[in-house]
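Single-letter residue listing:
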Amino acid sequence: MQSWRRKSLWLALLASWLLVLLGLFPLLRLAVPTSPRAGAPQGWPRWLDAELLQSFAKPGELLEDGPRPPQALRGGSCNWGACFDTSKCRGGGLKVFVYPAAGPVSETRRKILASVEGSRYHTLSAAEACLLLLLSPDTSTGECDPVPPQWDGGRNHLVLSLHPAPCPRTFQLGQAMVAEASPTVDTFRPGFDVALPLLPEAHPLRGGVPGQLRQHSPRPGVALLALAEDGGRWHVAGTDFSACPWDGRCEQDRGPKQTHPGATLPNATFCLIPGRGPDVLHFLQALQAGCIPVLLSPRWELPFSEVIDWTKAAIVADERLPLQVLTALQEMPLTRVLALRQQTQFLWDAYFSSVEKVIHTTLEIIQDRIFGPSAHPSLLWNSPPGAILALPTFSPSPSDFPFYHLQQGSRPLGRFSALIWAGALGQPPLKLIQAVAGSEHCAQILVLWSSEKPPPTGWPKTAVPLTVIDGHRKVSDRFFPYSAISTDAILSLDAHSSLSTSEVDFAFVVWQSFPERMVGFLTWSHFWDEARGGWGYTAKRTNEFSMVLTSAAFYHRYYHTLFTHALPKALRTLADEAPTCVDVLMNFLVASVTKLPPIKVPYGMWHQEARPPPLEPGGPGLRQEPQPAAQNCINQMAAGFGHMPLVSSRLRLDPVLFKDPVSVLHPRLLHEAA
């Protein structure tokens, strides 16, 4: 009898091992976060490894546990084609009118209003608006707004709510779109509504805190998992989280690694987030920390799922398969982990780090629906710097922007346009024109005449076309997107600049390798002044720099479009009032887009005495150092951007006397020049 029992035990053990070998035990069950179709039953997500489930059941047959009462969709069968009149947007594109608040303006509403009013979409006239924006009442005031006068059944309206409304609406939504934080998959209408992230009350208006990830690849000893808990807390579980079930409540002692609301997220590789509503806020915390979100059967729509490919930054898994999920996370290749963590940082910075970015992303999605799918291809939404900074009015093709040449396997066109600004001095830059025209890469020369004196009638004959443009006596005119500019590369010059043809040629060759950056000859550096409690900048020669002067610099023509149409008008006005600030503003713009420093190329010693900083509005003299009034503009611009975007560098690219035979005889010169 005992022998028979021993044989039965061995047979059972052998059968279990066979099951493991046949692959029927810890199989990977990771899902792609897809947008649900309107009216379709919501079952499990679409599985990456569906072929492994054929022996069990098809994905469509795996229904949710327990029947749920059906919930009617808002607006019935409303969709973009049926409930939005795009004919109102054909003239001037998307124009947004915001209904005034009925009661006191809360801090959240103030941030939303500032974000819309500071965008290029805002209009003060409801008659010329393409979209009418109604802000849902928030928790701080509790006021319920009445039905707007131009409601018209909700057509061409957007009801926006960053936080749950404290009072029920006194009117039917009708044909209105809804943009709300973390809507449930049952009520969300794909392609019509917009899913927003659930933001904390203290989320910054603009700029925002950068991502906290310091190392993309996990180091030995770093915790594998962090589990979301109630109250905004996290628990580091390492590789053994049996004490913390999927509901996020740890039964054993949490130990010293427990974090608290507002604290820095633990340095974990994966963040497990249950799919119930209260845990939605953990999702943004994970993105900011570079912790890959692992969403366990989420019952809410992922933010901006219409345009963001969340398969590149997050993982969706079934909460009923804990062992399989853990095995899959442990065996994930490091290259995949690296790619996911990098994408979390990009998405956080591009779309979620401030209220302004969330609002602008919402409006950009609606504008894409108006222009059609070609307005912003998926590459622009899911690759740096993001669709907000890739204006569709410039071009629908990613290859025309300076950011995507590497992904497209292309490079900028092989010539440049020289744009020479002739300001207060009013002198024709004859020598400069001859030097620039001598470059084999020069396609045209444009002289922007911004002097009170009339331009001269006779200009030197050059091998390239020369065009004189009448300016508006403002320094910011030099960054207007003139239709006469026919090349990707622009060489920005002042009339008093002094360059040789060889210097121009070398700088252009360098720019072709870095088309998204500014490449210049003269540099400034910024610093934090402890005594003044603010930022400052200097023209003193140091090993470190963060700005190049636009009086002699190469950059892509797209930055003229961004400067004119994306920057707030207040910042452009500031640059016109203090002309030195125009260099600072252009460097702020490029650095905020690329997150990279400019590149310095050598400038001949014979030019140093004529170093050309911008002119003061009242005098013709040249300055070596920024004046006190101009020093303050860097702080005003940092406040306007919400952060300090400038990045310091010590890199200088030098031809190292490669055409001079003296370099062969004196190797020391090579070392010193490098």
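Residues numbered from 1 in each chain as written. Predicted model: local features only at pLDDT ≥ 70, side-chain atom pairs only at ≥ 80, totals over all residues. Heavy atoms only, no water.

For the chain, an unreviewed UniProt entry supplies the name Exostosin-like 1 and the organism Neophocaena asiaeorientalis asiaeorientalis. Its UniProt record, at the heading Sequence similarities (unreviewed entry), says of the chain: "Belongs to the glycosyltransferase 47 family." Regarding the chain, the relevant UniProt record gives this comment under Pathway (unreviewed entry): "Protein modification; protein glycosylation." (UniProt positions renumbered as here; feature names shortened; annotations may be inferred.)

The secondary structure content of the chain amounts to 17 helices and 22 strands. By residue count, 52% of the 674 residues in the chain fall in the buried class. Just so you have it, the chain exposes about 31300 Å², and 57% of that area is on carbon and sulfur atoms. (Helix = DSSP H or I, 4+ residues; strand = E, 2+ residues; numbered from the N terminus. Buried < 20%, exposed > 50% of the residue type's maximum accessible area, 1.4 Å probe, protein only. Areas by Shrake-Rupley, 256 points an atom, 1.4 Å probe, with all protein chains shown as cover.)

Below, the discussion takes up the sheet that holds strand β4 (residues 131-135). The strand order across the open sheet formed by five strands is β3-β4-β5-β6-β7, and the pairing between neighbours is parallel. Both edges of this open sheet fall to β3 (96-98) and β7 (194-196), since each of them pairs with a single strand only. Pairs of neighbouring strands in the sheet enclose a mean axial angle of 20°, with direction left out of account. Sheet topology places strand β5 (residues 157-161) next to strand β6 (residues 177-181); four bridges connect them, and they run parallel. Bridge pairing in β6 places Ser 161 opposite Glu 180. Running at roughly 165° to β4, helix α3 (residues 107-117) makes contact with β3, β4 and β5 of the sheet. Relative to the sheet, helix α7 (residues 355-371) contacts β3, β4, β5, β6 and β7, its axis offset from that of β7 by approximately 165°. (Pairing = 2+ DSSP bridges. Axes fitted to C-alpha atoms, helices over the stretch in contact; angles between N-to-C directions. Contact = heavy atoms within 4.5 Å.)

To continue, consider the packing of aromatic side chains. With the rule as written, the count across this model stands at 29 aromatic pairs. When the ring of Tyr 351 is compared with that of Phe 352, the centres are 6.5 Å apart and the planes differ by 80°; the resulting orientation is edge-to-face. This pair shows no difference in class: Tyr 351 is buried, exactly as Phe 352 is. Among the aromatic residues, ring-to-ring pairing joins Phe 283, Trp 300, Phe 304, Trp 310, Phe 346, Tyr 351, Phe 352 and Trp 381 into one connected group. (Phe/Tyr/Trp six-rings, centres within 6.5 Å; stacked < 30°, edge-to-face > 60°.)

Here we take up the pattern of salt bridges. With the rule as written, the count across this model stands at 14 salt bridges. The salt bridge involving Arg 652 is made with Asp 654; its shortest N-O contact spans 2.7 Å. Exposure remark for Arg 652: the relative accessible area of 35% places this residue in the partly exposed category. Here the salt bridges do not stand alone but share partners, grouping Asp 349, Lys 357 and Lys 595 into one network. (Salt bridge = Lys/Arg side-chain N within 4 Å of Asp/Glu carboxyl O.)

By size, the foremost hydrophobic cluster in this structure holds 83 residues, and its most contacted members are Phe 416, Val 436, Ile 445, Phe 554, Val 584, Phe 588 and Met 637. Among the elements that make up this core, the one with the highest residue count is helix α14 (residues 581-594) (ten residues). Excluding its chain neighbours within four sequence positions, the residues that come into contact with Val 436 are Phe 416, Ala 418, Cys 442, Ile 445, Leu 491 and Leu 493. Counting 64 residues, the second largest nonpolar core, distinct from the first, contains Leu 94, Ile 112, Val 358 and Ile 359. (Core = buried A, V, L, I, M, F, W, Y, C linked by side-chain atoms within 4.5 Å.)

Between helix α6 (residues 334-352) and α7, whose axes approach to 7 Å, the crossing angle comes to 85°. By the angle between their directions, the pair α6 and α7 is classed as roughly perpendicular. Of α7, the residues touching α6 (which contributes Asp 349, Ala 350, Tyr 351 and Phe 352) are Lys 357, Val 358 and Thr 361. Its residues assigned to classes, the contact of α6 with α7 comprises four nonpolar, one polar and two charged. (Parallel < 35°, antiparallel > 145°, perpendicular 65-115°, else oblique. Nonpolar A, V, L, I, M, F, W, Y, C, P; charged D, E, K, R; others polar.)

Let us now look at the sheet that holds strand β18 (residues 523-529). Sheet architecture is open: three strands sit in the order β19-β18-β20, paired in antiparallel fashion. Of all strands in the sheet, those with a lone pairing partner are β19 (534-538) and β20 (547-548), marking the two edges. Here β18 pairs with β19 via five bridges, running antiparallel. Bridge pairing links Asp 529 to Gly 534 in β19.

So, about the packing of helix α13 (residues 569-577) against α14. Two numbers describe how α13 lies on α14: the axes approach to 7 Å, and their chain directions differ by 145°. In contact with Leu 571, Arg 572, Leu 574 and Ala 575 of α13, α14 contributes Cys 581, Val 582 and Leu 585. For the contact of α13 with α14, the class distribution of residues is six nonpolar, no polar and one charged.

This next bit is on the state of the cysteines. The full count for this structure, using the stated rule, is four disulfides. Linked covalently through their sulfurs, Cys 78 and Cys 83 form a disulfide whose S-S length is 1.8 Å. In this structure, the disulfide formed by Cys 78 and Cys 83 twists by about -115° around the S-S bond and is classed as left-handed. The residues Cys 78 and Cys 83 share a single accessibility class, namely buried. Put simply, Cys 89 and Cys 130 are joined by a disulfide, and their sulfur atoms are 1.5 Å apart. Measuring handedness by torsion sign, the sulfur bridge of Cys 89 and Cys 130 sits at about 45° and is right-handed. Here Cys 130 lies in the loop between α3 and β4 and Cys 89 lies in the loop between α2 (80-83) and β3, a separation of 41 residues in the sequence. Judged by its relative accessible area of 1%, Cys 130 is buried. (Disulfide = S-S within 2.5 Å.)

On a regular strand, one side chain projects to one face of the sheet and the next to the other, so that they alternate. A large share of β18 lies buried, amounting to five of its seven residues. Remark: four residues form the turn of the hairpin made by β18 and β19, two consecutive strands paired antiparallel; Gly 533 in that turn has positive phi of roughly 65°.

This paragraph deals with the environment of Gly 409. Structurally, Gly 409 can be placed in the loop between α9 (405-408) and β13 (416-422). Given the relative accessible area of 70%, Gly 409 is considered exposed.

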